[in-house]
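# Overview (structure and organization)
Here is how the chains run, residue by residue.
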Amino acid sequence: MKIIRNSLFLLSSVLVFSCNGPDQPSGDTSKQKAKPSRPKPEWKKPSRDGYHFESVKSWMGKGRHLKDTAGIDVILAVNRTDSANLPAIDSILVPDDLSGDVASYMHFPETVSSLSDVSKIVFFSYPSQTFAAYEYGNLVQAGPTNMGRKKDPTPTGLFFSNWKAVETTSTFNDEWNLRWNFNIQNKEGIGWHQYALPGYPASHSCLRLQTNDAKKLYEWADQWTLDGPEKVLANGTPAIVFGSYPFDGPKPWLALVNDPKALAITESAVNGLVKPQLEKILAEQAKTEKYRDTPSK
């Protein structure tokens, strides 16, 4: 789904994404706020990492969806879907052990060394249809996503969150209400938000999320800071969208049955994504800190 807030539509893509404006910092981040002292999150991992297929009717018939709310959260995440769409999937992917936290099934590393100075960043993996949020290199949130369909692919690369809205209307279809929306590409109207997850890339370029994930990211990420309607003082939280999806092949996560590590995203792989963008990310972060207490005009 593509969404654009009318009051900000006048901003050009140059204004939104340029780092060459008069407010660009010299690269000195010494004045940034100190790192938070909160402890590194501890994610509970399953004791077994195998997967198997099971009929959704059989699985639901066993009453697991009623007896084990944590288990159903894992099932939904592993199948990249939500409770409304799960019954439409004939055969679902089921971990042999459902006792882990959802984040432990989402294939991202718990720590990333190259992000040690980055206060906030979120990654979206196109091939695995998962996302992960980090604070100073520590994984703080992860879950499933359904990104752009073949006809309307989600663009990849580095973006920055800008404006947000608890509820807004899609410009593709004015009957679609998008909740917990956070825009990352203003001119094109692309962002992450809550919407139906059928279990495969189905959106019109946006990054669909489950309700709880969308709400958490909505509250966690930073907006941009504006000086009037056409000048960006500071961009918001960086977001890196990467990889490609095999639209003409099987869902990549189905390979987990034969190889539980098939979708593993290593720390070195994330470091490789970050390295060419790190200077820009830290420069934008410095501006965010500088204007943190400045209300947008």
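The structure reproduced in this document is the subject of the present report. Values in this document were obtained by computation on a predicted structure and should not be read as measured data. (Residues numbered from 1 in each chain as written. Predicted model: local features only at pLDDT ≥ 70, side-chain atom pairs only at ≥ 80, totals over all residues. Heavy atoms only, no water.)

Counting its secondary structure elements, the protein contains seven helices and 13 strands. Taken over 297 residues, the protein has a buried fraction of 52%. Taking contacts inside the protein between residues at least 6 apart in sequence as the whole, the part at least 24 apart equals 70%. With the model as given, the accessible surface of the protein reaches about 13700 Å², and the carbon-plus-sulfur share is 51%. (Helix = DSSP H or I, 4+ residues; strand = E, 2+ residues; numbered from the N terminus. Buried < 20%, exposed > 50% of the residue type's maximum accessible area, 1.4 Å probe, protein only. Contact = heavy atoms within 4.5 Å. Areas by Shrake-Rupley, 256 points an atom, 1.4 Å probe, with all protein chains shown as cover.)

This paragraph deals with the packing of aromatic side chains. This structure, assessed with the given rule, holds ten aromatic pairs. Summarising the aromatic geometry, the rings of phenylalanine 108 and phenylalanine 242 are spaced 6.4 Å apart at their centres and angled 90° between planes, so their arrangement reads as edge-to-face. With phenylalanine 108 in the loop between strand 2 (91-95) and strand 3 (121-125) and phenylalanine 242 in strand 13 (residues 238-242), the pair connects residues that are 134 residues apart, well separated along the chain. Across this residue pair, the class does not change: phenylalanine 108 and phenylalanine 242 are buried. Ring geometry for tryptophan 180 against tyrosine 218: centres 5.2 Å apart, planes inclined by 70°, an arrangement best described as edge-to-face. Taken together, the residues tryptophan 180 in strand 8 (residues 177-185) and tyrosine 218 in helix 5 (residues 211-220) connect sequence positions 38 residues apart. Each of the two residues, tryptophan 180 as well as tyrosine 218, counts as buried. Here the aromatic residues Phe124, Phe131, Trp180, Phe182, Trp192 and Tyr218 are joined through ring pairs into a cluster of three or more. Over the ring of tryptophan 220 we find lysine 120, and its NZ or CZ is 5.6 Å from the ring centre. Positioned over the ring face of tyrosine 218 is lysine 164, at 4.4 Å from the centre of the ring. (Phe/Tyr/Trp six-rings, centres within 6.5 Å; stacked < 30°, edge-to-face > 60°. Lys NZ or Arg CZ within 6 Å of the ring centre and 35° of its normal.)

Okay, the pairing of strand 9 (residues 190-194) next. For strand 9, the tally of buried residues reaches five of five residues, placing the bulk of the element in the interior. Of the two faces of strand 9, the one holding Ile190, Trp192 and Gln194 and the one holding Gly191 and His193 are both buried throughout. One ladder, built from four bridges, connects strand 8 with strand 9; its direction is antiparallel. By the bridge assignment, asparagine 183 is partnered in strand 9 with glycine 191. In this structure, the hairpin formed by strand 8 and strand 9 is closed by a connection of four residues, where glycine 189 is found at a positive phi of approximately 70°. For strand 9 and strand 10 (residues 207-209), the ladder comprises three bridges, and the chain directions are parallel. (Pairing = 2+ DSSP bridges.)

Below, the discussion takes up the nonpolar core. Formed by 63 residues in total, the largest nonpolar core has its most connected members in Phe123, Phe124, Tyr134 and Trp192. Top contributing element to this core by residue count: helix 4 (residues 69-78), with six residues. In terms of nonpolar packing, the next biggest core, distinct from the first, is built from five residues, Trp163, Ala165, Trp224 and Leu226 among them. (Core = buried A, V, L, I, M, F, W, Y, C linked by side-chain atoms within 4.5 Å.)

The phi dihedral of tyrosine 136 falls on the positive side, at around 50°, and the residue is not glycine. With respect to the helices, strands and loops of the structure, tyrosine 136 is situated in the loop between strand 4 (130-135) and strand 5 (138-146). With a relative accessible area of 17%, tyrosine 136 lands in the buried category. At tryptophan 180, a residue that is not glycine, the phi angle is positive and equals roughly 55°. When its relative accessible area of 12% is taken as the criterion, tryptophan 180 is described as buried.

Turning our eyes to something else, we now look at the pattern of salt bridges. Within this structure, the stated rule accounts for seven salt bridges. In this structure, the salt-bridge partner of lysine 40 is glutamate 110, at a minimum N-O distance of 3.3 Å. Taken together, the residues lysine 40 in the loop between helix 1 (13-17) and strand 1 (51-55) and glutamate 110 in the loop between strand 2 and strand 3 connect sequence positions 70 residues apart. Lysine 40 sits in the partly exposed class, given a relative accessible area of 32%. Residues aspartate 49 and lysine 261 are paired through a salt bridge, measuring 3.6 Å at the closest nitrogen-oxygen approach. Placement of aspartate 49 in the loop between helix 1 and strand 1 and of lysine 261 in the loop between strand 13 and helix 6 (267-274) is noted, with a sequence separation of 212 residues between them. Relative accessible area serves as the criterion here: at 41%, aspartate 49 is assigned to the partly exposed category. Through salt bridges with shared partners, a single ionic network connects Lys40, Lys45 and Glu110. (Salt bridge = Lys/Arg side-chain N within 4 Å of Asp/Glu carboxyl O.)

Here we come to helix 7 (residues 278-290). For helix 7, with 13 residues, the first-to-last C-alpha span of 18 Å sits near the 18 Å given by 1.5 Å per residue. When we look at burial in helix 7, the residues that qualify are Ile281, Leu282, Ala283, Glu284, Gln285, Ala286, Lys287, Thr288 and Glu289. Turning to helix 7, the residues buried within the fold contact strand 3, strand 6 (157-160), strand 12 (232-234) and strand 13. (Expected span 1.5 Å × (residues − 1).)

A few words on the side chain of glutamine 210. With respect to the helices and strands, glutamine 210 occurs in the loop between strand 10 and helix 5. At 2.8 Å, the side chain of glutamine 210 and the backbone oxygen of threonine 81 are in polar contact. Ignoring any residue separated from it by four or fewer positions in sequence, one finds glutamine 210 in contact with Leu76, Ala77, Thr81, Pro144, Gln194 and Leu197. (Polar contact = N/O pair within 3.5 Å; in protein donor to acceptor, adjacent residues only side chain to side chain.)

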